[in-house]
Structures are given as C-alpha cells and as structure tokens.
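# Structure assessment
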Amino acid sequence: MRPIKVLFVGDVVGGLGKRTLLGLLPSLRERYSPTFVVANGENIAGGIGITPRLADQLFAAGVDVITLGNHTYRQRDIYAYLDERREILRPANFLRSQPGHGWCVVTRDDVRLGVVSLSGNLFMDAGRPVFAEADAALHALKEQADHVLVDMHAEATSEKVGMGWYLDGRVTAVVGTHTHVPTADARVLPGGTAYITDVGMTGPRGGVIGVKREQAIEAMATKMPVRFETSTEDPWLNAVLITTGDAPRRASAIEPVLEPAAPGT
Ligand SMILES: [Fe+2]
Ligand SMILES: [Fe+2]
C-alpha cells in the first residue's frame, strides 16, 4: 500500500485561529502534500463551539474532516448540521440521543481514511465509556477504511496514553486534543500506531490556552466569575504530520508541525 500523509490540526481557537490555519494551509500543502487534512474545530466560534458558516469555511479551504469535543453543542445552530453533514464529528461516546455522529470515512486518491472522534471520561462529561466505544467504532469501520485516525479529546494524560496503547496496532494514529498545549511525546508505538498525547491548539499563544491572559488570571486569582474573550496575541498553528506505513492502518512517522501565523494574520 502506497504511503500517504495526513495533516492533523489541533483545536482551532476563534477567528484568529481560523485565519492562522487558512493563512498557512497553502504553504503547508506545498511543503508536505498531505492527502488528507483533519482539524479539531471545537473552539472556532469565538472560543466555544462551531457554527455551520465556520464549518463551511473550513471545508471550502480543503479541510476534509472536522472533529469536535466538549464544546460541540455550545452553538445551537450547529445541531442539524451535525446530523446532516458526514464529515463533521462529535465524540462517538456521547449519548446516542445527542445530535451528530462520531466517525466517518473520506476517500481521496483511492485511499479511504476513517476518522473517529472520542472524548475521555476522566474530568469530562461524555455520556458513555470511551474504551468500549473505541472498539465499537473500529468494528463499524472494519471493512470500510484503509487507514484510521482517532482524535482522543481528553483532559487526563493517563487516559490518552492508555488509549494510545489500547489501539496500538489497530489504527494508523491516535492523536490527543483538548488541553491546547503540545506534548513532546510524538512517536510511532511498537505496534505501528502513531501517537501524541496532545497536538496543541491553533490560536493565540499569548493567552491562557486561548483566553485573554488578564481575564484568565483574574478568574483564577479572585475566584470570581469573569467574562472570557479570545486572546489576540501571538497566534501559532499546532499540528502533526502523520506518514502512513506500507501496511493498512499502520504509520511510519509522526512529526509535530508548530508554526507562527503568516505575517499580517
Ligand atoms: Fe479545545
Ligand atoms: Fe475541549
């Protein structure tokens, strides 16, 4: 099987994060020639959630699949869109009654990429157990995908590391999202699954995981409610580039892609 590349972009935060991604995408395409681009969009609507208009903009820019997380339902007008559009995913282990679905398959150049969105259970409000749902998703994708990418959206590093080992040898990649800070542990596990605990975020590094730092600090220091806005300082793109192996559902490499926004973003 011919190796392909998948660019996975960490949580896109606010309009600035969106402009950072869209501004860098042409040069990233030129440099890496990814067959697929997958982006986590759970913070793109002013820091919380996503709207149909913003999802359409990402798709129009060439993003193949959008994954989400705990902020999925913060914008009401996305609910119907989540049911209608195959290529936008909320965590698969949310309740079945909640809008949307947790996996999909996209095809390009005769390669079928399955993408699965999962939410951790530790310190997160996902309605169903994540490990059992990972098995169910892989069972559903059994004959349908040549490669599988899992976005494990979770707070606890232990749960993400555990999921990486649990799926090692069964999927092409397990990438962690949600904490917005990139970790230094990107590697291919012995079974052939590319893994990183957290990809990071695409947005303002000058804040506190996306929020204006003076507001975040005030909330933490005073223990009083504070209205949060998205920071406008020092936007960066945080992503990983995954190179698949010769065999189905195996990776040969994963490398962090950490870049400041293009000038004028
Ligand atoms: Fe996030
Ligand atoms: Fe999150």
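Here is what the cut-offs are and how they apply
- Residues numbered from 1 in each chain as written.
- Chains lettered and ligands numbered in written order.
- Predicted model: local features only at pLDDT ≥ 70, side-chain atom pairs only at ≥ 80, totals over all residues.
- Heavy atoms only, no water.
- Donors = N, O, S within 2.8 Å, 3.2 Å for Na, K, Ca; no water.
- Tetrahedral: all angles 85-135°; square planar, octahedral: opposite > 155°, others 65-115°.
- Helix = DSSP H or I, 4+ residues; strand = E, 2+ residues; numbered from the N terminus.
- Buried < 20%, exposed > 50% of the residue type's maximum accessible area, 1.4 Å probe, protein only.
- Axes fitted to C-alpha atoms, helices over the stretch in contact; angles between N-to-C directions.
- Left-handed = near helix turned anticlockwise from the far one by under 90°.
- Contact = heavy atoms within 4.5 Å.

## Describing the coordination of the iron ion (ligand 2)
Donor atoms from the polypeptide that bind the iron ion (ligand 2) are Glu 42 (OE), Asn 70 (OD1), His 153 (NE2) and His 178 (ND1), placed at 2.1 Å. Seen from the iron ion (ligand 2), its four donor atoms lie at angles of 86 to 146 degrees, and the figure they make is irregular. Each donor residue of the iron ion (ligand 2) lies on the same chain, and together they follow the pattern E-x27-N-x82-H-x24-H. Separating the iron ion (ligand 2) and the iron ion (ligand 1) is a distance of 3.4 Å, and Glu 42 donates to both of them. Here Asn 70 is found in the loop between strand 3 (65–67) and helix 3 (79–84), whereas its partner His 178 is found in the loop between strand 8 (173–177) and strand 9 (187–188), with 108 residues between them in sequence. With a relative accessible area of 12%, His 178 lands in the buried category.

## Quick notes on the packing of helix 4 (residues 130–141) against helix 5 (residues 157–167)
Angle between the axes and distance between the axes: these two values describe a pair of packed helices. Here helix 4 crosses helix 5 at 35 degrees, and the two axes come no closer than 11 Å. Handedness of the helix 4/helix 5 crossing: right-handed. Contacts between helix 4 and helix 5 pair Val 130, Phe 131, Ala 134, Asp 135 and Leu 138 from the former with Glu 159, Gly 162, Met 163, Tyr 166 and Leu 167 from the latter.

Keep in mind these numbers describe shape, not what the thing actually does.
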